[in-house]
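Here are the chains, one letter per residue:
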Amino acid sequence: MIDFDTKMINRCIQLAYSGLGSTYPNPMVGCVIVHQDKIIGEGWHRRAGEPHAEVNAIRSVKDKSLLPKGTLYVSLEPCSHFGKTPPCSDLIIKYKIPKIVIGTTDPFAKVSGTGIAKLKEAGCEVIVGVLEKECQELNKRFFTFHQKKRPYIFLKWAETRDGFMAPETKDKLAPKWITNFYSRQYVHKIRSEEQAILVGTNTILHDNPKLNVRDWFGGNLLRVVIDKDLKIPRNFLVWNDEQSTLFISEKVNNESFKNTSFHKIDFSANLPQQICNVLFEKNIQSLIVEGGRSVLQQFIEANLWDEAFVFVGNICFEKGLKSPDFQKKTLKEVREFDEDTLFIYSNL
């Protein structure tokens with residue numbers, strides 16, 4: 001039995017989170033190499049197509065002669081297949097690292113236990129399942145995608161203290177802000193970490209949103225727009241072709257765009273499930289559902305959501321569009337943004 005230190009897997013998790021938002025479609029992975037209770041190397045997967053965590057950790061070890069006497073900790077099972085990079089399990093074997101501590105197995109069918117088997121066949125001592133729950137939480141998007149065949153789904157909306165998400169009327173084509181700048185900035189941070197954002201036709205027609213990342217660092221995400229009849233006017237921002245945009249429609253559009261595409265579905269069938277199927281085919285691992293109310297309600301009633309971000313602003317409308325009917329599950333976290341409060345729920 002390997003003598004291991006759980007703090008090292010914790011360190012792997014910390015390192016892995018540095019890749020949040022930049023490793024898709026790959027998982028976030030951190031790796032630490034230890035010799036005589038001292039860390040001699042560490043690394044994480046920084047971006048898809050670039051070296052994996054184990055490669056970066058091994059490269060960081062100054063004295064490679066210590067590797068055959070060390071222990072390698074990694075948050076996710078080392079890969080065993082050739083993708084854009086060679087198998088990490090082969091590299092571990094090449095450097096004769098004798099002891100391997102793994103947080104959790106990889107759900108990806110091309111790995112899923114084969115990396116562990118290869119290491120054991122080469123004579124390595126391997127232990128699996130150290131802080132397994134925490135390592136699976138780290139890659140909740142990746143696990144959901146491969147196990148449930150759909151993206152990890154975040155619901156997100158803002159509501160007033162009296163439970164409204166939009167006023168009865170407004171005087172301009174723009175959002176009526178319920179929350180403050182700090183809350184909105186945090187929303188852009190969330191956007192920078194995910195792959196796609198979904199809204200319905202009415203949200204576009206009422207607010208004309210950009211659906212991009214402006215108040216945080218990071219690239220833009222895929223805009224997914226539900227527009228059954230393709231009736232959104234061409235002067236609206238979602239048609240600007242400046243970022244990847246997918247229209248979910250019942251009509252066919254054969255126009256040629258650089259960044260805009262179309263997918264036809266059956267609007268008489270289960271809309272959320274069909275959208276999940278489309279996004280799975282497009283290799284999208286995470287989705288923010290921002291509304292409006294009807295769209296959010298459909299995902300809630302279909303039980304197709306994993307976390308809900310509910311921002312409550314310090315304002316009342318007294319009348320208007322009510323927030324979704326939401327049977328709150330597990331309250332995961334509460335955050336304060338000046339006078340705003342964010343409630344994060346988990347669908348457990």
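The rules we used
- Residues numbered from 1 in each chain as written.
- Predicted model: local features only at pLDDT ≥ 70, side-chain atom pairs only at ≥ 80, totals over all residues.
- Heavy atoms only, no water.
- Domains from an automatic or database assignment.
- Contact = heavy atoms within 4.5 Å.
- Buried area = accessible area lost by both parts, 1.4 Å probe.
- Salt bridge = Lys/Arg side-chain N within 4 Å of Asp/Glu carboxyl O.
- Polar contact = N/O pair within 3.5 Å; in protein donor to acceptor, adjacent residues only side chain to side chain.
- Helix = DSSP H or I, 4+ residues; strand = E, 2+ residues; numbered from the N terminus.
- UniProt positions renumbered as here; feature names shortened; annotations may be inferred.
- Buried < 20%, exposed > 50% of the residue type's maximum accessible area, 1.4 Å probe, protein only.
- Pairing = 2+ DSSP bridges.
- Axes fitted to C-alpha atoms, helices over the stretch in contact; angles between N-to-C directions.
- Right-handed = clockwise from strand over helix to strand, strands pointing away.

Next up on the list: the domain arrangement of the chain. Domain boundaries in the chain define domain 1 (4-143) and domain 2 (149-347). Using only C-alpha atoms to locate each centre, domain 1 and domain 2 end up separated by 35 Å. With eight residues of domain 1 in contact, the opposing surface of domain 2 contributes 11 residues. Taking both sides of the interface into account, the surface hidden between domain 1 and domain 2 amounts to around 840 Å²; carbon and sulfur atoms contribute 49%. Contact with domain 2 buries area across many residues of domain 1, yet Tyr-24, Lys-140 and Arg-141 alone supply 63% of it, more than any other trio. Taken together, the connections running from domain 1 to domain 2 amount to three salt bridges. Its salt-bridge partner being Lys-140, residue Glu-307 comes within 2.6 Å of it at the nearest N-O pair. The interface formed by domain 1 and domain 2 holds seven residue pairs in polar contact (both at pLDDT 80 or more) in total. Per element, the largest residue contribution to the side of domain 1 that touches domain 2 is three residues, and it comes from helix α6 (residues 140-148).

Okay, the UniProt feature "active site" (unreviewed entry) in the chain next. UniProt annotation of "active site" (unreviewed entry) refers to Glu-54 when read in the numbering used here. Here Glu-54 lies in helix α2 (residues 53-60). Using a relative accessible area of 3% as the deciding quantity, one classes Glu-54 as buried. Each residue touching Glu-54, except ones within four places of it in the same chain, is listed here: Cys-31, Val-74, Leu-76, Pro-78, Cys-79, Cys-88 and Ile-92.

Across the sheet, five strands lie side by side as β2-β1-β3-β4-β5; this open sheet has mixed pairing. Strand pairing shows two members of the sheet lacking a second neighbour, β2 (38-44) and β5 (125-128), which therefore form its edges. Strand-to-strand twist across the sheet, computed as the mean angle between neighbouring axes with direction ignored, equals 15 degrees. For strand β3 (residues 71-76) and strand β4 (residues 99-104), the ladder comprises five bridges, and the chain directions are parallel. Bridge pairing links Thr-71 to Lys-99 in β4. Contacts from helix α1 (residues 6-16) reach β1 (30-35), β2, β3 and β4, with the element oriented near 145 degrees to β1.

Turning our attention to the sheet that holds strand β12 (residues 286-291). Ordered in space as β11-β10-β9-β8-β12-β6-β13-β16-β15, the nine strands form an open sheet in which the pairing is mixed. Each end of this open sheet is capped by a strand with a single partner; those strands are β11 (260-264) and β15 (330-337). On average, each strand axis in the sheet is inclined to that of its neighbour by 20 degrees, with strand direction left out of account. Alignment of strand β8 (residues 196-199) against strand β9 (residues 222-226), held across four bridges, turns out to be parallel. Note that in β9 the partner of Ile-197 across the bridge is Arg-223. Along the sheet, helix α7 (residues 181-193) contacts β6 (152-159), β8, β12, β13 (307-312), β15 and β16 (340-346); its crossing angle with β13, the most-contacted strand, is approximately 160 degrees.

Of the two faces of β8, both are covered, the one formed by Ala-196 and Leu-198 as well as the one formed by Ile-197 and Val-199. The parallel pair β8 and β9, bridged by helix α8 (residues 201-207), forms a crossover whose chirality is right-handed. In terms of strand pairing, β8 meets β12 through four bridges, oriented parallel. Within β12, the residue paired with Leu-198 across the bridge is Val-289.

Once that is clear, we can look at the pairing of β2. Across six bridges, the pairing between β1 and β2 is antiparallel. By the bridge assignment, Cys-31 is partnered in β2 with Gly-43. Connecting β1 to the next strand, β2, in antiparallel fashion are two residues, including Gln-36 with a positive phi near 50 degrees.

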